[in-house]
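Here is what each chain is made of, one letter per residue.
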Amino acid sequence: MATERTFSILKPDATRRNLTGAVNAVIEKAGLRIVGQRRIQMSRQQAEKFYEIHKERPFFGELVEFMTSGPVVVQVLEGENAVAKYREVMGATNPAQATDGTIRKLFAESVGENTVHGSDSAENAKIEIAQFFQDGDIVG
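Because the structure is predicted, anything quoted here is derived from the model rather than measured.

### Re the UniProt feature "binding site: ATP" (unreviewed entry) in the protein
In step 1: Mapped onto this numbering, the UniProt entry annotates "binding site: ATP" (unreviewed entry) at K11, F59, R87, T93, R104 and N114. Lining the largest pocket, from this annotated set, are K11, F59, R87, T93, R104 and N114.
In step 2: Setting aside residues no more than four positions away along its own chain, K11 makes contact with Y51, F66, M67, P71, V72, N114, T115, V116 and H117.
In step 3: Of note, T93 is situated in the loop between helix 5 (82–90) and helix 6 (103–107).
In step 4: Beyond its immediate stretch of four places on either side in the chain, T93 contacts R104, V111 and N114.

### Looking at the UniProt feature "domain: Nucleoside diphosphate kinase-like" (unreviewed entry) in the protein
In step 1: The feature "domain: Nucleoside diphosphate kinase-like" (unreviewed entry), as given by UniProt, occupies residues 3–140 in the numbering adopted here.
In step 2: Each end of residues 3–140 is marked by a C-alpha atom, and these two atoms are 12 Å apart; helix forms 40% of the span and strand 20%.

### Topic: the pairing of strand 3 (residues 72–80)
In the case of a regular strand, side chains alternate between the two sheet surfaces.
In step 1: In terms of residue burial, strand 3 counts as a mostly covered element, since 8 of its 9 residues are buried.
In step 2: Looking at chain direction, strand 1 (residues 3–10) and strand 3 are connected through 8 bridges and run antiparallel. Bridge pairing in strand 3 places R5 opposite E78.
In step 3: Relative to strand 3, strand 2 (residues 33–40) runs antiparallel, the two being bridged by 7 bridges. Paired with R38 across the strands is V74, a residue of strand 3.

### Quick notes on unusual backbone geometry
In step 1: You will see that N18, though not glycine, has its phi angle at about 60°, which is positive.
In step 2: You can see N18 is positioned in the loop between helix 1 (12–16) and helix 2 (20–29).
In step 3: Owing to a relative accessible area of 67%, N18 belongs among the exposed residues under this scheme.
In step 4: In the Ramachandran plot, T115 falls in the positive-phi region, its phi being about 75° despite a non-glycine side chain.
In step 5: Along the polypeptide, T115 turns up in the loop between helix 6 and strand 4 (116–118).
In step 6: Since its relative accessible area comes to 0%, T115 is described here as buried.

Parameters and conventions
Residues numbered from 1 in each chain as written. Predicted model: local features only at pLDDT ≥ 70, side-chain atom pairs only at ≥ 80, totals over all residues. Heavy atoms only, no water. UniProt positions renumbered as here; feature names shortened; annotations may be inferred. 1 Å grid on protein atoms, 1.4 Å probe; cavity = no way out; pocket = protein on both sides within 12 Å on 5 of 7 lines; lining within 4 Å. Contact = heavy atoms within 4.5 Å. Helix = DSSP H or I, 4+ residues; strand = E, 2+ residues; numbered from the N terminus. Buried < 20%, exposed > 50% of the residue type's maximum accessible area, 1.4 Å probe, protein only. Pairing = 2+ DSSP bridges.

Pasting the structure below:
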């Protein structure tokens, strides 16, 4: 098993409800280490770049609006098979279908306001991390 890094965002619905500590506790309990973390206000330009893969989808504008509606917490997580592990810890996109104990089952308000984002591959994790962190920001 290889130690790897993945990228996480605690979305505006989580920061609005002051859930950063509670979500971080679930992440750490799952065996992932938070090696980079920062609370930011995502700009429209950052959100459009981050979600550009969805640019032609009907929900793109709504997604950008949501992600810029309040502060987010961007994170770098590290651990054994971190990408797959974090996706398991996040739970299904639809909180109604998420497994008990997952972040989305515990905290998500809806499919759209589902508390967290996590990278879907090691390659995308590298790209996403680089959009918000420099190497010196990540200490493990």
